[in-house]
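# Examination of the molecular architecture
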Amino acid sequence: MLQEITSQYNANKIEKNIHRFWEENNAYKRVRESREGASKFFFVDGPPYTTGHIHLGTAWNKVIKDSILRYFSMNNYDIHERAGWDMHGLPIEVKVEGILGFQSKKDIETYGVGNFINKCKNFAIEQKDNMTEQFKSLGVWLDWENPYMTLRDEYIEAAWWTLKQAYDKDLLEEGQRVVNWCPRCETAIADSEVDYFEITDPSIYIKFRLKEEENTYVVIWTTTPWTIPSNMAVAVHPSFEYSKVKATNPEGNDEVLILASDLVEDVLKQGRYTDYEVLEKMSGKDLEGLSYHHPLADAVSKQAEFEHNIYTADYVTAEKTGCVHIAPGHGMEDFEVGVENGIPVFCPVGADGKYLDEAGKYSGEHIRDANQTIINDLKHRGVLLAEESINHRYGHCWRCKTPNIYLATVQWFLKISDIKQNMLSEIQKVDWYPEWAGTSRFKDWVEGARDWCISRQRYWGIPIPVWKCSSCGSIDVVGTKQELIKKSNAGKHIELHRPYVDDLTIECDCGGSMSRVEDVFDVWFDSAVASWATLGYPQSEEDFHRWWPADFITEGHDQTRGWFYSQLGASMVAFEQSPYESVMMHGFTLDKYGKKMSKSQGNVVDPLEVVDKYGADTLRAYVLSTSAPWDDLKFNWEGVNQVYSNLNILWNVYRFPIPYMVLDNFDPKQVSMDLISKHLRKEDKWILSRMQSVIKDVDDAMSDYQLHKAIRAINEFVLEDLSRWYIQLIRPRTWVESEDPDKLVAYRVLYDVFVTLSKLIAPFTPHMAEEMYQNLVRNVDQYAPITVHMNDWPLPEEEKVDKELESHMQIARSIVESSANARQKVKRKLRWPVSRIVVAPDDKEASNAVDNLRSVLMDQTNAKDIELLDPDEEWSELGLEAIPDPSAIGPVFKKNAGDVINAIKSSNPSELKESIDSYGESSVSLSDSSAATVTSDMVNFQRTLPDTVASAEFEGGIVYVDATLTSDIESEGFAREVIRRVQDMRKELDLSVEENVKSLIKIDDERVAELVKNMETYISKEVRADTLVIGTNISTDGDYVKDWNVEGIPMEIAISPLESSSGNV
RNA sequence: GGGCCCGUAGCUUAGCCUGGUGGAGCGCACGGCUGAUAACCGUGAGGUCCUGCGUUCGAAUCGCAGCGGGCCCA
């Protein structure tokens, strides 16, 4: 049996119940199992990092995933998905360091790496558990029981195995490179981990004294004085023009400077030179080979051993001086210039950002502190041309926010440059949504990609499985746990994290002992192997062969550089093909002003707050419907509230007919669609047709992941077609109290629409869908699938589609709206019937619509009759007015113009028009009895409405509403006014719908009292009055008495519930 | 500084690919309905389509330049 719904839409209560229902019935698992063996759909969840709290962006991300998976599931796909968790890496180390109050790696070493790792592990697991509950509260169905976790042995093995593939294919390389380095975390930082924001740095110009020429300097500029001790060369652009200028410095001495011609003025101004003269102009190429004295050679004795020359490089820009200081140990491009020209790498800076002994007088000093020391030293040596400061964007460690430095270090790299071309061609095979995500954005990123530094000098991560012999230097890469156990001195039970693996040694062929390289993997490498790690590969191959590669993944646009890239790179190394076949890139959540949400701005919105206030379905529908998935989402509470109202309307539409159905013991099993198909009214066929159109719209939208369009289509159907129209049309049918086939048909049609609707909304608002389904379907049929989500997606039924009817209904609605508009003009409420409406259609289509839907129109316009004119026929009852045009009459009739105007006004407009239409002119008689000839330009004709008629245009013609009052109409109008007030009072007394009353109505107007009396039977029936007395002079005793003013007539109405009056007897 | 995306009513947006008088919803004002009633519905006002230049008979739409926002990079 259907259950009556009396309550308002209470999202939190419904969702809590639904969650419990899913839990108790194991709904998620049973749905997945029900699709086993169907076409495969392998989805890989991009693993969120276990920071502890989901934010709006991750909520949106998971809701998109959940909606798409639910949709595919209902469309009979066998879905493989596991929730994923990214649990290693520096961010967690930094958090744990914070909890433990640590400042540096030394604190960790003192505390013990094993203890530290345990803390990290526990922290990650705890956060994972918290976040799981948060995601679940959004109604997200993923395999939360059995997620993939990057800290698990089988996952670590997948990473190890992948590295071994790289090694076997000669794509793994150990080498010295310049990397982003965090001096606090004392580790290399991936390009993708660098966080750029603005800081203030020194900005200095330095003169390097040439060896070849007296008193001549090449001028360079830098924001990192601390790299000057490491300077090894100067680079100029080969084709720029440089000038050699003789200039007078502030001390009044002349010196010769070399710099880019265009920048001479500016630099000399910076250095407060008073006068200058250009001695010579040359190209950068001409400068190549010149040598100079290192300005700090006396302080850094090692520098005295090196040669310092000028080289050319294409990357040099025409900014500042056009001459670039080269320190191969501290810059990526510097390093490349060094490699090309055989310049030694001199890098006297340690991992902690302090100078090493090689740095001479600066040894032991932190580079940041050394900046000022070095500026002073340069000043003393007279080579500091100018000093100022600059605000610029600079790279920082993305977790601890320490400014990065570039450091030449020995690291492990994946040789992306070797596989880049293949990556680019794989990108083309992938389906990208939107298309530009792949063809423009991702392609650009991959084209610019460099070799991937995968090593980190940290603790909490997947240990890099490279063992190196201390004697001969040869290396071995271990691919699995078993391999390690077999090769090493390990026992059977080993832990794959640091520090345990650090102690394991492998015997080298040379007889020496191999021990592990101390590094751990860059966390991006962890998630990079997710698509096969989640399938248990390489341990088990069966799932891999069945599912891989992924059919679909979706993440935010920041993952272009991140997971889209790292997965592709790792997969090319391992399998030489893309690990995904289609990718949807979604947007970012911003605040209502379009600014990014950040803790420091205080504009962060917690998704759980939205759930708390409005419910998960509202949050889901909001994020899915507000913008296209790939556009950024400007979060706006007003928008959330609006989505909530829409869901509320759906709820009300759904609960409206149920009390009647329950009252009538309506059983959808007894009343099949077949049974009623012959008795369908036009409006019934119409809503069924519209329902089909919506299914198609949703399918079309979903076929290219336009989730916003799918939801908007459903929403429009609910609001426009169901709530605003169909429900209005069938309300009177649901009130009929007898066994009425017409009522049953309406019930059945509504029922069918609701059941279909519950399936259509299931992917998007799964709780509301389940709530409706359980009542509508499961309460009626215990053999139906246990959850709405186990149902098949509704298939469009072509035979139900009637496009002509849809179009006619559209016209009918327009006529009803326009007649309401016209009613407002003559101030006649809808409650008062009108004697007729007259429809003047533009064409046959509109005319047919009126014919076809006459009863709907009469109902909804509350008209006693509808007159339909032929297309373009003018309504015969319209009046005509002749309007003279003085600007045409004046010039012709001069003095008599006024007379002519009056004559036109007082003429018979119809005759005048007929004559002008026929002959182009007409004659009117003037006051002096003479005649004047009026031509067509002198007069305009306008149709006029009878006094009690108002008109309005609808799409397809004009509608006239005749509001002429007759006594019948007044009777009915007043009767309905009375009824409305009695109903209002019944409501105030909180009477049930069936309860009978006694009512006394005193009307202070003889005529109106008579009019109302005429409708006595009608009124009694409508208000369920067993006793009804209407009169001008009656007593109005009753349980509830109220004074009213109806259209200016005072009335006094008394009602008494019969139960209480019978109790008095 | 570069790549990609976004900019339409107070707010959220459709239309842009394929040029032809800019549509909705919310909010606001006024009104209707009163057996969905703490619900539902109608009408109305409200727009430099970010700015400028160009192409075109015609530009929200195409092109160029700029401004603002976002992501990514340098």
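Preceding block: the structure.
What comes next is a walk through the structure. For clarity, every value in this text was computed on a predicted model and none was experimentally measured. (Residues numbered from 1 in each chain as written. Chains lettered and ligands numbered in written order. Predicted model: local features only at pLDDT ≥ 70, side-chain atom pairs only at ≥ 80, totals over all residues. Heavy atoms only, no water.)

## Remarks on the environment of Pro871
Among the secondary structure elements, Pro871 is positioned in the loop between strand E30 (866-868) and strand E31 (879-884). Classification of Pro871 by relative accessible area gives partly exposed; the value is 30%. For the pair Pro871 and Val1041, spaced 170 residues apart in sequence, the C-alpha to C-alpha distance is 54 Å. Beyond its immediate sequence surroundings of up to four residues, Pro871 is in contact with Pro841, Asp842, Asp843, Lys844 and Ser847. (Helix = DSSP H or I, 4+ residues; strand = E, 2+ residues; numbered from the N terminus. Buried < 20%, exposed > 50% of the residue type's maximum accessible area, 1.4 Å probe, protein only. Contact = heavy atoms within 4.5 Å.)

## A look at the sheet that holds strand E26 (residues 582-586)
What the 3 strands build is an open sheet, ordered E17-E26-E25; its pairing is parallel. Pairing within the sheet leaves two strands with one partner each, and these edge strands are strand E17 (431-433) and strand E25 (553-556). Going from strand to strand, the sheet's axes swing by 20° on average, the running direction of each strand aside. In the packing of helix H13 (residues 435-447) onto the sheet, contacts are made with E17 and E26, and the angle to E17 comes to roughly 100°. (Pairing = 2+ DSSP bridges. Axes fitted to C-alpha atoms, helices over the stretch in contact; angles between N-to-C directions.)

## Thoughts on the pattern of salt bridges
Applying the stated criterion across every chain yields a total of 67 salt bridges. Between Asp153 and Lys481 there is a salt bridge; the shortest N-O distance is 2.8 Å. Taken together, the positions of Asp153 in helix H7 (residues 153-168) and Lys481 in helix H14 (residues 481-487) put the pair 328 residues apart, joining distant regions of the chain. For Asp153, a relative accessible area of 22% translates into the label partly exposed. The shortest N-O distance in the salt bridge between Asp752 and Lys800 comes to 3.7 Å. Separated by 48 residues along the polypeptide, Asp752 in helix H26 (residues 741-761) and Lys800 in the loop between helix H27 (766-778) and helix H28 (803-825) bring together distant segments of the chain. (Salt bridge = Lys/Arg side-chain N within 4 Å of Asp/Glu carboxyl O.)

## Comments concerning the packing of H26 against H27
Between H26 and H27, whose axes approach to 8 Å, the crossing angle comes to 145°. The crossing of H26 and H27 is left-handed. For the pair formed by H26 and H27, the contact residues are Tyr751, Phe754, Val755, Ser758 and Ile761 on the first element and Pro766, Met768, Ala769, Met772, Tyr773, Leu776 and Val777 on the second. Its residues assigned to classes, the contact of H26 with H27 shows 11 nonpolar, 1 polar and no charged. (Left-handed = near helix turned anticlockwise from the far one by under 90°. Nonpolar A, V, L, I, M, F, W, Y, C, P; charged D, E, K, R; others polar.)

## So, a negative patch on the surface
Residues Asp802, Glu804, Asp842, Asp843, Glu845, Asp872 and Glu953 make up a contiguous surface patch of negative charge. For Glu953, the location among the structural elements is in strand E35 (residues 949-954). (Patch = residues over 30% accessible without salt bridge, like charges linked within 9 Å, V, L, I, M, F, W, Y side chains within 5 Å. Areas by Shrake-Rupley, 256 points an atom, 1.4 Å probe, with all protein chains shown as cover. Lys, Arg positive; Asp, Glu negative; His and termini not counted. Charge placed at Lys NZ, Arg CZ, Asp CG, Glu CD.)

## Observations concerning the sheet that holds strand E18 (residues 452-453)
The pairing of strands in a sheet comes from backbone hydrogen bonds and takes either a parallel or an antiparallel form. What the 4 strands build is an open sheet, ordered E6-E5-E16-E18; its pairing is antiparallel. At either margin of the open sheet sits one strand with a lone partner, and together these are strand E6 (187-189) and E18. Where strand E5 (residues 172-182) meets strand E16 (residues 405-414), 10 bridges bridge the pair, whose relative direction is antiparallel. Bridge pairing in E16 places Glu173 opposite Phe413. Helix H10 (residues 332-341) contacts E5 and E16 of the sheet and is inclined by roughly 140° relative to E5.

## Examining the side chain of Gln127
One can find Gln127 in helix H6 (residues 113-137). Residue classification places Gln127 among the buried residues on the basis of a relative accessible area of 10%. Discounting chain neighbours no more than four positions away, the residues touching Gln127 are Thr50, Thr51 and Gly52.

## Section: the protein's contact with RNA strand B
By nearness alone, 55 residues border RNA strand B, and Asp444, Arg561, Arg731, Trp735 and Val993 come closest of all. The sugar-phosphate portion of RNA strand B accounts for 76% of its atoms within 4 Å of the protein, the bases making up the rest. In this structure, a sugar or linking oxygen belonging to RNA strand B sits 2.7 Å away from a side-chain N or O atom of Asp632. Taking Glu817, its side chain carries an N or O atom lying 3.0 Å from a phosphate oxygen of RNA strand B. When residues of the surface near RNA strand B are traced back to their parent elements, those giving at least two are H13, helix H21 (637-655), helix H25 (707-735), H28 and helix H34 (967-988). Considering each element in turn, the surface near RNA strand B owes the most residues, 8 residues, to H25. When the residues that make up the surface near RNA strand B are grouped by side-chain class, the tally is 14 nonpolar, 15 polar and 26 charged. (Near = heavy atom within 4 Å. Polar contact = N/O pair within 3.5 Å; in protein donor to acceptor, adjacent residues only side chain to side chain.)

## Let's talk about unusual backbone geometry
A negative phi holds for most residues other than glycine; trans holds for most peptide bonds. Cis geometry marks the peptide bond from Tyr433 to Pro434; its omega dihedral reads -5°. Mapping Pro434 onto the fold places it in the loop between E17 and H13. The omega torsion across Trp548 and Pro549 is 0°, close enough to zero to call that bond cis. Among the secondary structure elements, Pro549 is positioned in the loop between helix H17 (542-547) and E25. Within the chain, Glu186 stands out as a residue other than glycine whose phi angle is a positive 55°. Relative to the assigned elements, Glu186 resides in the loop between E5 and E6. Despite not being glycine, Asn862 has its phi angle at roughly 55°, a positive value. Structurally, Asn862 is set in the loop between helix H30 (854-861) and E30. We classify Asn862 as buried; its relative accessible area is 12%.

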